[in-house]
Amino acid sequence: MGKLNKLLISGRFHFCILAVLILLQISSSPAAGLTDLDWRMSSSKYARAQVNNETAFHGANCADLSVDKKGTTVRARIYMDEPMPLEKIDALSLWVNPGSGDGKVEIEFYLDGDMSGRYESKDPQDARIRSIKRSWSELGFSPGQWSELDGFTLEYEKYGDKKFPRGSLNDFKGWLEGQRVVRIYITLYKDSKVPVTSALIDYIRVGDQITSFEPLEEEKVKGGPKSAAAGSKITYTITYGNNEFQPVNLVVYENYDPKTVFIESNPAPDPGTNNRWTIPSLAPGEHGQIKVVVKTRKPAAKADISGVVLGVGYTSTHGMLSTDYESYIITNKVRILAGNTSFSASVNTAIKPVIGSTLDYGEHGSGSYRAEEDLKLRSSSISAGRSLTAIQAPCTLLLPRRSISLEESWSAAVRAQNNYRELGWRDRYHEAGSINLSYRTSLGKTISYLQTSAQFNGTADRRAVWAGGFIDQRLAGNYSLEGEARWRYSSKRISGQSLDELDCGIEIGEEALEGDGCL
């Protein structure tokens, strides 16, 4: 989702008022930026670029650039979150407050010409243009006063290509149509006549995008997390700001996903509500955040099933219980009202699937049949007890105009799968003239077992699988079988350290296999 379609001050709404972004976070983390302009400043041995919170043009902060007598340049770097077509830039300006020295300023564009999303110096399709350096005195700027520098009044040249003509920014918009701006450098060149050259820079506008070096603009937006756990708390961070030159009144509305429940927010919502915040008279350049905590609904299931079936005829049954839950998407939406202007944003996140257990069973055949079952399903466990007796015998299926004689042999199957612990059992009986089968099973995070007792005349496949191995049996004939497979997951402490392990024991007929560390 990139930057979740950040909504910033925009001429699309006739005047620049507000930039808004909502960022989904699992826990507290840095705030999201407010515009599509990200800035970087760094100091070196002979130059300094930092945020100044003493004398700003817009808001509380601005960029403070200075270079001493041994240095040459210092710059502020502006990065576009999404490349912007050069021909669509209809505004380029910054406010400058010169300090010491008659420094020179240069604006440099790095352009992507091959749609790769970045500028590469060795790529012939990419380009780089820069303005001809102008000093503060040439621009008519006075030390200690804020003045607007309009980038469209400067002359530009193509870097590294002396044959390319110089021209205005409008000229280059036509000459390099199709090129996209990926970053902009604003460079201050030292005045060799003074020990230190310095200047303050604020309120940079590129098209309808603005940055004014406020703290909440510093963080690079990464987007919300791709997933969250079912039943967990999720924090939404709503960041708002005023990029206009007059105070504005804001109202923030949250639209919660129906699969979530509001828990708390900071600051608290308006009295009597859980989704509305009123911010009166937000000063120019001022920014703020609202942190909203919601909780996803945890899957819940409870079922108790019991019954008895008795009769002679044709039988086909199938049943399944599962504690698995599929992933789903939740959507949180925010709407910001500023006068007659409305801004909105949304973010999606996938709730992780719940890995549980599955019990699958069924019988098929004709003749005498009796079955009894007792099933229990909970959110994280399954327990079941079933017994059946079936004897093959001829039977007749009566239809409106005809009858069909049936004499099918019996088949039965049970599959108990604990996906959380990677355990599984499967018993299948088929081509049987008679079956007398009973089994009990429990599938949970700590204890899982399958007990079976069977007498049959036919064939059988029996399999047990766990992370450490498997047992597989193929039988044909007249058999009586007794078996039990049990796994218990425990957490033990050895020498002060926690050791999780799986203890297992398997008994089939008169044979036994026991061991530790099966996982």
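Rules behind the numbers
Along every chain, residues carry numbers that run from 1 in the direction the sequence is written. Note on the predicted model: pLDDT of at least 70 is required for a residue's local features to be given, and 80 or more for side-chain atom pairs to be given and counted; whole-chain, interface and lining totals, by contrast, use all residues. The side-chain figures draw on all heavy atoms in the structure; neither hydrogens nor water molecules are used. Runs of H or I in DSSP of at least four residues are treated as helices and runs of E of at least two as strands, each being numbered from the N terminus. Burial here depends on accessible area, computed with a 1.4 Å probe over protein chains only, as a share of the maximum for the residue type. Under 20% is buried, over 50% is exposed, and the range in between is partly exposed. Note that accessible areas follow from Shrake-Rupley with a 1.4 Å probe, and for residues the cover is restricted to the protein chains shown. Here, two residues are considered to be in contact whenever any of their heavy atoms come within 4.5 Å of each other. Side-chain atoms alone can form a polar contact between residues adjacent in sequence; in general such a contact is a pair of N or O atoms within 3.5 Å, and within protein one must be able to donate a hydrogen while the other accepts it. Strands are labelled as partners when DSSP assigns at least two bridges between them.

### As for the overall build of the protein chain
When helices and strands are tallied, the protein chain shows three helices and 34 strands. Of all 519 residues assigned to the protein chain, the portion counted as buried reaches 47%. Per element, the accessible surface of the protein chain, about 25,500 Å² overall, is 48% carbon and sulfur.

### Describing the environment of Y189
Along the polypeptide, Y189 turns up in strand β13 (residues 180-189). For the pair formed by Y189 and E106, sequence separation is 83 residues and the distance between their alpha carbons is 8.0 Å. Setting aside its immediate chain neighbours within four residues, Y189 contacts T72, T73, G103, K104, E106, K133 and T197. Side-chain polar atoms of Y189 contact the side chain of E106, separated by 3.3 Å.

### Some remarks on unusual backbone geometry
Residue P267 is reached from N266 by a cis peptide bond, and omega for that bond is 0°. Mapped onto the elements of the fold, P267 is located in the loop between β19 (260-266) and β20 (276-282). If you check the backbone angles, E431 has positive phi at about 50° while not being a glycine. If you trace the backbone, E431 turns up in strand β30 (residues 423-443).

### Some thoughts on the sheet that holds β20
Judged by pairing direction, the sheet is mixed, and its five strands sit side by side in the order β16-β24-β23-β18-β20 without closing on themselves. Of all strands in the sheet, those bounded by a partner on one side alone are β16 (227-228) and β20. Sheet analysis places strand β18 (residues 248-255) next to β20, joined by five bridges and oriented antiparallel. Bridging across to β20, Y253 finds its partner in R276.

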